[in-house]
Amino acid sequence: MSATRTQEVDGEAGYNFAYLDEQTKRMIRRCILKAVAVPGYQVPFGGREMPLPYGWGTGGMQVTASIIGKDDTLKVIDQGADDTTNAVNIRRFFARVAEVPTTEATAEASIVQTRHRVPEDPMTEGQIIVYQVPQPEPLRYLEPRETECRKMHAYKEYGLMQVSLYEDIARFGEIVTSYSYPVMVNDRYLMSPTPIPKFDNPKMDDFPALQLFGAGREKRIYAIPPYTKVKSLDFDDHPFAIQQWEEDCALCGAEETFLDEVILDDQGGKMYVCSDSHYCTKRRAEGHTGTLSESAAKAYAAAVGAAPEPANPGPAKPEPAKEEA
Amino acid sequence: MDTTSPLLRVRNLTHAFGPVLACADVSFELYPGEVLGVVGESGSGKTTLLNCISARLAPTNGIVEYDLRTKGLTDIYALSEPERRLLLRTDWGVVTQNPRDGLRMDVSAGGNVGERLMAVGARHYATIRGEAEDWLQKVELDLGRIDDKPKHFSGGMQQRLQIARNLVTKPRLVFMDEPTGGLDVSVQARLLDLLRGLVRELRLSAIIVTHDLAVARLLADRLIVMKDGKVVETGLTDQVLDDPHHAYTQLLVSSVLQV
């Protein structure tokens with residue numbers, strides 16, 4: 001990180017290093033420092049226009065642009081995958097405007113920008129994970145008034161969030177909220193963990209890496225410093241629980257990962273695969289195999305293209321429809 | 001309960017919206033277990049008075065003191081905002097004229113009743129559910145509707161749900177603004193009967209704002225008559241209604257249609 005006014009990028013005349021100008025980066029860094037000092041508190045910031053639409057990760061990109069340096073290594077994932085449109089484009093963007101090396105390996109990255117997942121591979125001290133946030137306010141759908149939401153945060157009045165979990169149990173007999181599952185950070189602030197599946201919520205607790213959250217449209221930044229207590233809300237008689245699957249990963253046989261359901265045909269045929277594409281590839285390289293038959297595996301490989309390069313992805317692999325982000 | 005010291009004391013309360021004086025120099029005391037009616041025509045400052053004394057609108061002038069369980073008589077506007085908000089959802093209840101202001105229309109009836117419990121820290125689903133069922137029964141709502149949303153309820157049911165939602169934390173003081181407004185007479189009668197029963201049974205104190213003298217006569221022990229923001233007459237309900245002294249009260253009483 002440099003404090004000079006401008007840093008030209010080789011071959012990209014007119015662009016400053018990491019796209020944003022130095023003043024903007026300083027402003028965002030100040031907000032990040034405040035966010036780290038008050039874990040879970042939403043810090044407003046002067047969000048800038050980025051060269052892609054709101055909802056595609058502009059908040060996460062601004063945070064990444066503010067903290068990235070020439071010696072960083074970037075990994076970008078979208079729903080766990082390194083090879084989907086959002087991930088490929090953001091990775092290529094930073095490869096061009098910040099000239100940083102990129103990687104798919106979680107362990108090799110110093111910054112991981114993510115949309116809707118925490119990587120399966122453990123992260124360590126010194127790494128930073130940047131979440132793209134569509135809606136930073138967990139109370140938004142319960143209390144439409146922004147002034148009232150702020151008061152509720154200020155006075156720690158979080159009974160209303162519990163009401164939404166009550167409604168789940170009253171209607172379905174259990175808490176069915178499966179993503180954006182609300183958490184308490186450091187026993188003080190109620191926080192939206194972004195639309196990560198609740199499967200990933202326990203990973204956030206006591207996490208060794210710094211977690212930063214950027215919401216571009218809503219212009220908010222919040223953070224969880226390393227080794228901070230993050231507790232998912234629940235009831236005493238309906239404790240928090242993560243998702244379970246009836247099968248293991250069909251490709252690598254992993255039993256304890258977050259799985260995507262892939263529909264194979266119109267007859268109800270389906271398989272489950274790891275949502276974290278790098279983790280799955282790594283396991284298969286280590287010799288782990290799933291239950292997928294040889295012929296189906298070949299058909300799958302043909303459909304997704306053989307080992308796509310990050311900068312040149314093949315046709316997108318079959319994937320469940322995404323919610324807006 | 002000590003009935004010699006007031007639960008709520010209002011002294012020289014004045015509120016002005018810019019040049020418009022909504023209520024001027026109002027003083028009264030409310031004792032535990034007492035139901036006070038505030039009557040007067042539309043625009044006489046009744047609702048402004050109620051908002052001021054229920055900590056939802058800071059008055060321009062004057063003092064509102066409430067007998068806190070821990071501190072005794074305390075100026076509520078000297079409390080910090082979180083303390084006031086806590087008071088509003090624990091020891092007090094507010095039943096609004098329009099149920100849309102007092103209920104969460106997209107949350108089930110059970111959730112509406114349970115919200116206050118969860119706001120004060122209840123985290124056991126079965127207990128919260130049990131309390132909600134208990135209160136729905138007390139206000140004579142069908143238990144089969146516990147998971148329905150209030151937006152699908154009739155006006156009378158919404159008002160009864162509002163009452164249950166407010167009484168679940170066992171408040172000592174309830175503010176009601178036209179609780180029977182917009183309901184037909186038979187539904188009104190049942191609601192009034194319910195309110196009268198609950199007030200006696202729970203030894204509630206209440207301040208009821210109404211323009212309906214029948215409601216005032218049925219529920220209130222004592223009346224305050226307001227006109228143009230000023231209190232023109234006070235006294236026991238029967239006394240005020242049967243022997244009105246002030247010209248405006250006489251007009252008010254004689255305006256009631258005798259059937």
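Residues numbered from 1 in each chain as written. Chains lettered and ligands numbered in written order. Predicted model: local features only at pLDDT ≥ 70, side-chain atom pairs only at ≥ 80, totals over all residues. Heavy atoms only, no water.

**As for helix α5 (residues 125-138) of chain B**
No. 1: With 14 residues, α5 of chain B extends 20 Å from end C-alpha to end C-alpha; this agrees with the ideal 20 Å at 1.5 Å per step.
No. 2: Looking only at α5 of chain B, the buried set comprises Tyr125, Ile128, Arg129, Ala132, Trp135 and Leu136 of chain B. The buried residues of α5 of chain B occupy an angular sector of 130° when projected down its axis, which confines them to one face.
No. 3: Packed against the buried residues of α5 of chain B are α5 (159-172) of chain A together with α4 (109-119), α6 (155-167) and α7 (185-202) of chain B.
No. 4: Phi turns positive one or two residues past the end of α5 of chain B, at glutamate 140 of chain B, with a value near 60°. (Helix = DSSP H or I, 4+ residues; strand = E, 2+ residues; numbered from the N terminus. Expected span 1.5 Å × (residues − 1). Buried < 20%, exposed > 50% of the residue type's maximum accessible area, 1.4 Å probe, protein only. Arc of directions from axis to C-beta. Contact = heavy atoms within 4.5 Å.)

**Concerning the packing of aromatic side chains**
Residues and elements named next belong to chain A.
No. 1: In this structure the tally under the stated criterion is 14 aromatic pairs over all chains.
No. 2: Measuring from centroid to centroid gives 4.6 Å for phenylalanine 213 and tyrosine 222, while their planes differ by 10°, and the two rings are stacked. For the pair phenylalanine 213 and tyrosine 222, one class covers both residues: buried.
No. 3: Site record: aromatic cluster; members linked through ring pairs are Tyr15, Tyr19, Phe93 and Phe94.
No. 4: Looking at arginine 188, its charged tip hangs above the ring of tyrosine 189, at a distance of 4.4 Å from the centre. (Phe/Tyr/Trp six-rings, centres within 6.5 Å; stacked < 30°, edge-to-face > 60°. Lys NZ or Arg CZ within 6 Å of the ring centre and 35° of its normal.)

**Digging into the sheet that holds strand β3 (residues 111-115) of chain A**
Residue and element names in this part refer to chain A.
No. 1: Taken together, six strands build an open sheet; the order of strands is β1-β8-β7-β4-β3-β2 and the sheet is mixed. Edge strands, defined here as strands with exactly one partner in the open sheet, are β1 (43-44) and β2 (74-78).
No. 2: Where strand β7 (residues 210-215) and strand β8 (residues 220-224) come together, five bridges link them in antiparallel fashion. What sits directly across from glycine 214, in β8, is isoleucine 221.
No. 3: Set on the sheet, helix α1 (residues 22-37) makes contact with β1, β7 and β8; between it and β8 the angle comes to about 45°.
No. 4: Where helix α3 (residues 85-97) meets the sheet, its contacts fall on β2, β3 and β4 (128-132), and the angle it forms with β2 comes to roughly 160°. (Pairing = 2+ DSSP bridges. Axes fitted to C-alpha atoms, helices over the stretch in contact; angles between N-to-C directions.)

**Describing the domain arrangement of chain A**
All names here are of chain A.
No. 1: Per the domain assignment, the segments of chain A are domain 1 (2-232) and domain 2 (259-304).
No. 2: Centre-to-centre separation of domain 1 and domain 2, based on C-alpha positions: 29 Å.
No. 3: Listed per partner, the contact involves 12 residues of domain 1 and six residues of domain 2.
No. 4: For the domain 1 and domain 2 pair, buried surface summed over both sides reaches about 710 Å², with 40% attributable to carbon and sulfur atoms.
No. 5: When the area that domain 1 buries against domain 2 is broken down by residue, the three leading residues are Gly80, Glu120 and Asp121, summing to 50%.
No. 6: Where domain 1 touches domain 2, the interface holds one salt bridge.
No. 7: The residue lysine 282 makes a salt bridge to aspartate 121 at a minimum N-O spacing of 2.8 Å.
No. 8: Between the two partners, domain 1 and domain 2, sit six residue pairs in polar contact (both at pLDDT 80 or more).
No. 9: Residue classes in the side of domain 1 that touches domain 2 are distributed as three nonpolar, three polar and six charged. (Domains from an automatic or database assignment. Buried area = accessible area lost by both parts, 1.4 Å probe. Salt bridge = Lys/Arg side-chain N within 4 Å of Asp/Glu carboxyl O. Polar contact = N/O pair within 3.5 Å; in protein donor to acceptor, adjacent residues only side chain to side chain. Nonpolar A, V, L, I, M, F, W, Y, C, P; charged D, E, K, R; others polar.)

**As for the pattern of salt bridges**
Side-chain pairs of opposite charge can arise where the charged atoms are in close proximity.
No. 1: Applying the stated rule across the entire model yields 39 salt bridges over all chains.
No. 2: A salt bridge links lysine 71 of chain B to glutamate 83 of chain B; the shortest N-O distance between them is 3.7 Å. Placement of lysine 71 of chain B in the loop between β4 (61-68) and β5 (72-75) and of glutamate 83 of chain B in helix α2 (residues 81-90) is noted, with a sequence separation of 12 residues between them.
No. 3: Put simply, Glu143 and Arg145 of chain A together with Arg104, Glu115 and Arg165 of chain B are held in one network by salt bridges that share partners.

**Here's the deal with the interface of chain A and chain B**
No. 1: Of the residues lining the interface, 20 residues belong to chain A; the matching set on chain B comes to 20 residues.
No. 2: Both faces considered, chain A and chain B share a buried interface measuring about 1,800 Å² in area, 55% of it formed by carbon and sulfur atoms.
No. 3: One can count five salt bridges joining chain A with chain B.
No. 4: In this structure, arginine 89 of chain B and glutamate 157 of chain A form a salt bridge, with 3.1 Å as the shortest nitrogen-oxygen distance.
No. 5: Applying the counting rule to chain A against chain B returns 14 residue pairs in polar contact (both at pLDDT 80 or more).
No. 6: Listed by contribution, the elements that provide at least two residues to the side of chain A that touches chain B are α4 (146-154) and α5 of chain A.
No. 7: Here the side of chain A that touches chain B gets eight residues from one element, more than from any other, and that element is α5 of chain A.
No. 8: Classifying every residue of the side of chain A that touches chain B by side-chain character gives nine nonpolar, three polar and eight charged.

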